[in-house]
Amino acid sequence: FVMPGGIDPHIYLEFEFMNTVTKDDFFSGQATALAGGTTMHIDFAIPIDGSLTAGFEAYEKKAKKSCMDYGFHMAITKWDETVAREMELMVKEKVFHGLQRSSYDQ
């Protein structure tokens, strides 16, 4: 039988919260998911000091250890003019360009 792999749209790998970090990084969490039939995940990218760009770049760096396809969805933790401008940048330069790559391209 050939069956499609699953997509986990709600996951936190290397997530920093209250001076702790989740145990699984992009490699260990993805390797475990692959063993169970999940072939892609969509991780929360958390802004750094309110900056979407800094948060996105930090998660891109964490994802260099990936062993399967992944995507990000940005958590909006505040709203101001800077975030509004960064959202436009994320959509124009990061999201659509990022969709053209996969973890296999790295």
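Predicted model only: the values in this text are computed from it and were never measured.

Participant: Lay out the sheet that holds strand β1 (residues 6-11) with the relevant residues and their values.
Facilitator: Taken together, three strands build an open sheet; the order of strands is β1-β4-β5 and the sheet is parallel. The sheet is open, and its two borders are formed by β1 and β5 (69-74), each paired with just one other strand. Averaged over neighbouring strand pairs, the angle between their axes works out to 20 degrees when direction is ignored. Across four bridges, the pairing between β1 and strand β4 (residues 38-45) is parallel. Pairing of I11 across the sheet is with D43, part of β4.

Participant: Help me get a handle on the environment of K62, residues and values and all.
Facilitator: Tracing the backbone through its elements, the reader meets K62 in helix α2 (residues 52-62). Separated by 37 residues in sequence, K62 and D25 place their C-alpha atoms 7.7 Å apart. Apart from residues lying up to four places away in sequence, K62 is in contact with E14, E16 and F26. Here the side chain of K62 touches E14 through a polar contact of 2.7 Å, landing on its backbone oxygen.

Basis of the calculations
Residues numbered from 1 in each chain as written. Predicted model: local features only at pLDDT ≥ 70, side-chain atom pairs only at ≥ 80, totals over all residues. Heavy atoms only, no water. Pairing = 2+ DSSP bridges. Helix = DSSP H or I, 4+ residues; strand = E, 2+ residues; numbered from the N terminus. Axes fitted to C-alpha atoms, helices over the stretch in contact; angles between N-to-C directions. Contact = heavy atoms within 4.5 Å. Polar contact = N/O pair within 3.5 Å; in protein donor to acceptor, adjacent residues only side chain to side chain.

Geometry only, nothing functional implied.
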